[in-house]
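# Geometric and topological summary
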Amino acid sequence: MTTTVDVSAPPAVRPYESYVYAYPHKTAYRPLPERPALRELWAAEPKNALSLYLHIPFCEVRCGFCNLFTRIGAPEELTTRYLDALDRQAVAVRDALGDDEPVRFAAAAFGGGTPTFLTADELERLCDMAEKRMGADLLAVPLSVETSPSTATADRLAVLADRGTTRVSIGVQSFVDEEARAAVRPQRRAEVEAALGRIRDARIPVLNIDLIYGIDGQTERTWLTSLDAALAWRPEELYLYPLYVRPLTGLHRLGAPATGADAEALEQAAWDEQRLRLYAVGRDHLLAHGYEQVSMRMFRRADAPRESQEGPEDYACQTDGMIGLGCGARSYTAALHYSFDYAVNMGEIRSIIDGFTATEDFSRAEVGRYVDAAEARRRHLLQSLLQAAGLPLDDYRVRFGTDPRADFPAELERFADRGWLDPHAPEDLLRLSPLGLAHSDALGPALFSPGVRAAMAAYERK
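Residues numbered from 1 in each chain as written. Predicted model: local features only at pLDDT ≥ 70, side-chain atom pairs only at ≥ 80, totals over all residues. Heavy atoms only, no water.

### Details of the overall build of the protein
Our working rule: Under the DSSP-based scheme used, a helix requires at least four consecutive residues in state H or I and a strand at least two consecutive residues in state E, with every element numbered from the N terminus. The buried label applies to any residue whose accessible area, calculated with a 1.4 Å probe on protein chains only, is under 20% of its type's maximum; exposed applies above 50%, and partly exposed to all values in between. The contact definition used throughout considers only heavy atoms, calling two residues in contact when any of these lie within 4.5 Å. Here the open area of atoms and residues is found with the Shrake-Rupley method and a 1.4 Å probe, where only the protein chains shown may cover a residue.
Scanning the protein from N- to C-terminus turns up 17 helices and 17 strands. Counting the 462 residues in the protein, one finds 58% classified as buried. Pairs at least 24 residues apart make up 77% of the contacts formed inside the protein by residues separated by at least 6 positions. Of the roughly 19,500 Å² that the protein leaves accessible, carbon and sulfur atoms contribute 52%.

### Section: the pattern of salt bridges
Side chains that differ in charge, positive against negative, can pair when their charged atoms come close. Selection criterion: A pair is scored as a salt bridge if a Lys or Arg side-chain nitrogen falls within 4 Å of a carboxyl oxygen belonging to Asp or Glu.
All told, the structure shown has 31 salt bridges when counted by the stated rule. The partner of Asp303 in a salt bridge is Arg234, and the shortest N-O contact between them spans 3.3 Å. You can see Asp303 sitting in the loop between β11 (298-301) and β12 (322-325) and its partner Arg234 sitting in the loop between α7 (220-231) and β9 (237-242), a full 69 residues away along the chain. Judged by relative accessible area, Arg234 falls into the partly exposed class, the value being 44%.

### Digging into the nonpolar core
Which entries qualify depends on this criterion: Throughout this description, the term nonpolar core refers to a set of buried Ala, Val, Leu, Ile, Met, Phe, Trp, Tyr and Cys residues connected via side-chain atoms within 4.5 Å.
Leu52, Leu86, Leu211 and Ile323 are the most contacted members of the largest nonpolar core, which totals 114 residues. The leading source of residues in this core is helix α2 (residues 78-97), at 10 residues. Counting 7 residues, the second largest nonpolar core, distinct from the first, contains Tyr53, Met322, Tyr332 and Val367.

### Description of empty space enclosed by the protein
Where empty space is left can be seen by rolling a probe of water-molecule size over the atoms. Quick note on the threshold: Cavities and pockets were defined on a 1 Å grid built from protein atoms only: a cavity is a group of points that admits a 1.4 Å probe but offers it no way out, a pocket is an open group of points flanked by protein on both sides within 12 Å along at least five of seven lines, and a lining residue is one with an atom within 4 Å of any such point. Grid points are joined across faces, edges and corners, and a volume is the space filled by probe spheres set on the points. The residue classification treats Ala, Val, Leu, Ile, Met, Phe, Trp, Tyr, Cys and Pro as nonpolar and Asp, Glu, Lys and Arg as charged. All others, Gly included, are polar.
A full pass over the atoms with the stated rule returns 1 cavity of 30 Å³ or more. Its residues placed into classes, the lining of the largest cavity shows 7 nonpolar, 4 polar and 2 charged.

### Topic: unusual backbone geometry
Negative phi is the rule for most residues except glycine; trans is the rule for most peptide bonds. Look at the link from Tyr23 to Pro24: it is a cis peptide, with omega at -5°. Looking at where Pro24 falls in the secondary structure, it is placed in the segment before β1 (30-31). With an omega dihedral of 15°, the bond running from Gly112 to Gly113 counts as a cis peptide bond. One can find Gly113 in the loop between β5 (105-112) and α3 (120-133). Of note, Arg35 is a non-glycine position whose phi angle comes to about 45°, a positive value. Of note, Arg35 is situated in the loop between β1 and α1 (38-42).

### Section: helix α6 (residues 189-201)
Each α-helix winds once per 3.6 residues, and so residues spaced three or four apart point in a common direction. Basically, it comes down to this: Here the expected length of a helix is defined as 1.5 Å per residue gap, with one fewer gap than residues.
For α6, spanning 13 residues, the distance from its first C-alpha to its last is 18 Å, which sits close to the expected 18 Å at 1.5 Å a residue. By the burial criterion, the buried members of α6 are Val192, Ala195, Leu196, Gly197 and Ile199. Buried positions along α6 lie against β6 (143-147), α4 (154-162), β7 (167-173) and β8 (206-213). Following α6 by one or two positions, Arg203 has its phi on the positive side, about 60°.

### Re the packing of α2 against helix α10 (residues 346-358)
When two helices pack together, you describe them by how their axes are tilted relative to each other and by the distance separating the axes. For the record, the criterion: Each axis is a line fitted through C-alpha atoms, and for a helix only the stretch in contact is used; angles between axes span 0 to 180 degrees, taken between their N-to-C directions. Angle categories: roughly parallel below 35 degrees, roughly antiparallel above 145, roughly perpendicular from 65 to 115, and oblique for all the rest. Crossing handedness follows the turn of the near helix against the far one: under a right angle anticlockwise gives a left-handed crossing, and clockwise gives a right-handed one.
Where α2 contacts α10, the two axes come as close as 8 Å, and the packing angle between them is 55°. Compared by their axis directions, α2 and α10 come out oblique. Relative to α10, α2 is oriented so that their crossing is left-handed. In this structure, α2 uses Leu78, Arg81, Tyr82, Ala85, Leu86, Arg88 and Gln89 to contact α10, whose residues at the interface are Ile353, Asp354, Phe356, Thr357 and Ala358.

### Concerning the pairing of β7
Keep this limit in mind: Pairing between two strands is assigned when DSSP locates at least 2 bridges connecting them. When the strands point away from the viewer and the connection leading from the first strand across the helix to the second strand turns clockwise, the crossover is called right-handed.
Of all 7 residues making up β7, 7 are buried, and the element is well covered by its neighbours. Burial along β7 is two-sided: the residues Arg167, Ser169, Gly171 and Gln173 and Val168, Ile170 and Val172 are all buried. One ladder, built from 4 bridges, connects β6 with β7; its direction is parallel. The partner of Val145 across the bridge, within β7, is Val168. Handedness of the β6-α4-β7 crossover: right-handed. Summarising the sheet, β7 and β8 pair through 6 bridges and their orientation is parallel. What sits directly across from Ser169, in β8, is Asn208.

Quick look at the structure:
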């Protein structure tokens, strides 16, 4: 049984304000004047279920919608210099974690950029850093790696499979060549299909395919063409992303509709309606083909093996720490989220990468934002509520000693009034309705604190 989102009338609020994949957002980070020592930051932190993330900021091309921290190409042995710096950082971070108590990584991921921009030998080196420097057992924990059609080569995939990769995520976005060109993503369907064949041949347990809806010229028919082309590979996961046009990206420079004050209201409303309609088409199509909805974006094949897709039961993204290595990675302690500087403009990104490769001392946090008890509550509510499974109230009470309905009465009342909360959820569960899931990109930002909003608004784009 499927549920259709009503898009016959303009939404009460804009449904596509921002994709919230972390809180606070990185544009709320600022340089840390005291440059706290990592050893002090991690001294009192639980270290028995950490997540490890290694960031590779290189791509062969940059898609028109991309605002990630990545650069095109890596001239003059830049990947070697970057990996040298990454190795120095790994040594410093592992030293900061100390040996007073066991350090255990419950999950690992290589992202970017495009990690498979690296050669097969360089990927071996990256895995060695995770294992020999950081102590992560890649053969024993879930390991997710991002790739692209042109870099998913047999030799690279063989390395990833041998080193324990359990999940490969490939950005396809569209199987329709004209739509790929409209998104400024130079690829042909034949190349995509060949890459998917190589991934399946590598026998990595979980294949995820990313698709985008809302591309200029896309229709329900062409959207279904991409969905069916993806389903032909029976991926264990599918992510359906609404297109965003961000400042300083290729599509923004080409004059595509922008999300923000500079977009014409009528044009924006029409685009919002198109994306909501295509979202409902995609969601219902996947549900009808044996997938279950995990979040607004994520769909999992109902019969897929779970053990290779998720971290151990004792790891939770809302509470457990993350170690990020690389100049585009974040790290999370209970009190501080930190990283390096952030940019979208290619010149600025190159400068930050060059600075990273020249760094010798990685023992201190440089840029970040402190997270107090109130922000920790917001983060827990936000990250739980945006999952289709919802927030078990007992989990929140055990961690904070309070009830989210008492901590966030105005926000939750507003969500209920809009029909975003499931009135049929069990009493001990706070869960979004189908309409609420469809409006996740409005609901998430609505939970940002005034302080975080002010910091994001004051951020100087670069």
